[in-house]
Amino acid sequence: MGKITGFMEFERIEEGYRPVPERLKHYKEFVVRLSDEQAGVQGARCMDCGTPFCNSGCPVNNVIPDFNDLVYRQDWKDAFTVLDSTNNYPEFTGRICPAPCEAACTLNVNDDPVGIKSIEHAIADKAWEQGWVQPRIATIKTGKKVAVVGSGPAGMAAAQQLARAGHDVTLFEKNDRIGGLLRYGIPDFKLEKFQIDRRVEQMKAEGVTVRTGVMVGRLPKGSKVTNWARETISPEELREQFDAVVLTGGAEQSRDLPVPGRDLDGVHFAMEFLPQQNKVNAGDKVKGQIRADGKRVIVIGGGDTGSDCVGTSNRHGAKSVIQFELMPQPPEQENKELTWPYWPYKMRTSSSHEEGCEREFAIATKEFIGEKGKLTGLKTVHVDWKDGKMSEVPGTEKVYEADLVLLAMGFVSPVATILEGFGVERDNRGNARATTDFDGGYATNVPGVFAAGDMRRGQSLVVWAIREGRQAARAVDEYLMGFSDLPR
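Cut-offs used in this document
- Residues numbered from 1 in each chain as written.
- Predicted model: local features only at pLDDT ≥ 70, side-chain atom pairs only at ≥ 80, totals over all residues.
- Heavy atoms only, no water.
- Helix = DSSP H or I, 4+ residues; strand = E, 2+ residues; numbered from the N terminus.
- Buried < 20%, exposed > 50% of the residue type's maximum accessible area, 1.4 Å probe, protein only.
- Phe/Tyr/Trp six-rings, centres within 6.5 Å; stacked < 30°, edge-to-face > 60°.
- Lys NZ or Arg CZ within 6 Å of the ring centre and 35° of its normal.
- Contact = heavy atoms within 4.5 Å.
- Polar contact = N/O pair within 3.5 Å; in protein donor to acceptor, adjacent residues only side chain to side chain.

1. Looking at the environment of S350
Moving on, step 1. Within the secondary structure, S350 is located in the loop between α15 (336–339) and α16 (351–354).
Moving on, step 2. Of the residues examined, S350 reaches a relative accessible area of 22% and is grouped as partly exposed.

Have a look at this one:
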């Protein structure tokens, strides 16, 4: 805990933002980190609550009261040691995790929760600034070879943990840089990519071999999944060359909107639009880049990916941005008596929304309309929800003008052909079938082949990917060695 009476004395302090006109001119991060003193005050608010629900609310089970107390006492190095013991990449989660730990905070029952995410952000950044983040090189090598396929947060975490256990690990990525959706999905203004690059260097120093531009298996013909591979390896080759394989690719199949006019020029998946801008920010040229300059943009989908499309469109200089959400507008405040300590259903406004965006709720798109093959607008109708069923509201049809529509309605599953290539069974949602039981956890039906992250659980959070990567690494270590000292 922090100060015994801190939760009664101090208010929650939010991280600040750079002014909107300033940050719209670039793609750099714009969150203003808490000062050491401010972070200490937030740590002081941590209560002696007996059962720290924040620990279980956090998917990686960060030991939150301990590092809160250490930050309150300004013992930053020990705070990092505690944080690093459970989370391989706190600089990622301190920036882009929605903080389910804060929703579970006991203080959140009738007050504002402790600013756990901002404390984590401060600890991680200070650790890098002070040089505390160092490679942890295994002293004994096992001689076992493991392939990790997919270099998002699940793959990075699995590869790093397995290397620290002494295995020879090769991390495969079909695109030209490591990071998965961290790299080619999340905009730089939320996570600058040097954050990933320095972790990759740490992993290489720990013994991880990185192979980018390598497609393992194949994508279906006409797939819109981002693929900048230069070579291909078959699943059979991989299984012959390695003692174990961990499949940690993302749930990359975007949910489509098969209504009339879908094939018009100007209707794109968000995951066509966002990766291109990430690539341009990295200094690469993208032929035929999808741009929003001077366009009337409509983003269909009200989640984080849609918000990222809003922020990127505004930085392009869009004429207008509207975001559609099929579900009704949530309440401004959750009913804490019903939801705490679970993730609450309530209205959320992102920094991208604050930069300029009109939002429409309970609205469905019936048709894309255009002229000479090019998008000019879309027909919509408002919908009503009752007992989980949707019905159109008569008399609410409307035509919106649009030059660019971005489909950001989530992801349905991993690419089926990848799993088929390995002979891995799928569940009824199209994900790799693999349980999380500690006895044989994360193992698929194919001996020596494991699955973790979005590949196994479907579309989820970065922090869940890190958790699954860590746990899958322990399962693989047990499979190869008969036991494991890696943390669960």
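Additional details are given in the paragraphs that follow.
2. Here we look at the packing of aromatic side chains
Moving on, step 1. Scanning the model with the defined rule gives 8 aromatic pairs in all.
Moving on, step 2. Residues F30 and F189 carry aromatic rings whose centres are separated by 6.3 Å and whose planes lie at 25° to one another, so their mutual orientation is stacked. Of the two residues, F30 is situated in the loop between α2 (20–23) and β2 (31–32) and F189 in the loop between β4 (168–173) and α11 (194–205); the sequence distance between them amounts to 159 residues.
Moving on, step 3. Given the relative accessible area of 2%, F30 is considered buried.
Moving on, step 4. Looking at F189, the relative accessible area reads 2%, which means it is buried.
Moving on, step 5. Each residue in the set Y17, F30 and F189 is aromatic and connected to the rest through ring pairs, giving one cluster.
Moving on, step 6. In this structure, K126 is placed above the aromatic ring of W76, and the distance from its NZ or CZ to the ring centre is 5.2 Å.
Moving on, step 7. Its end group placed over the ring of F189, R315 keeps NZ or CZ at 3.8 Å from the ring centre.

3. A word on the environment of G57
Moving on, step 1. Within the secondary structure, G57 sits in helix α4 (residues 53–57).
Moving on, step 2. Distance from G57 to G311, taken between C-alpha atoms, is 29 Å for residues 254 residues apart in sequence.
Moving on, step 3. Once residues lying within four places of it in the same chain are set aside, the contact partners of G57 are P100, C101 and A104.

4. Topic: the side chain of E91
Moving on, step 1. On the secondary structure map, E91 appears in helix α7 (residues 90–96).
Moving on, step 2. Relative accessible area serves as the criterion here: at 0%, E91 is assigned to the buried category.
Moving on, step 3. Side-chain polar atoms of E91 contact the side chain of R199, separated by 2.6 Å.
Moving on, step 4. When residues no more than four places from it in sequence are discounted, the contact partners of E91 are A124, D125, W128, L191, Q195 and R199.

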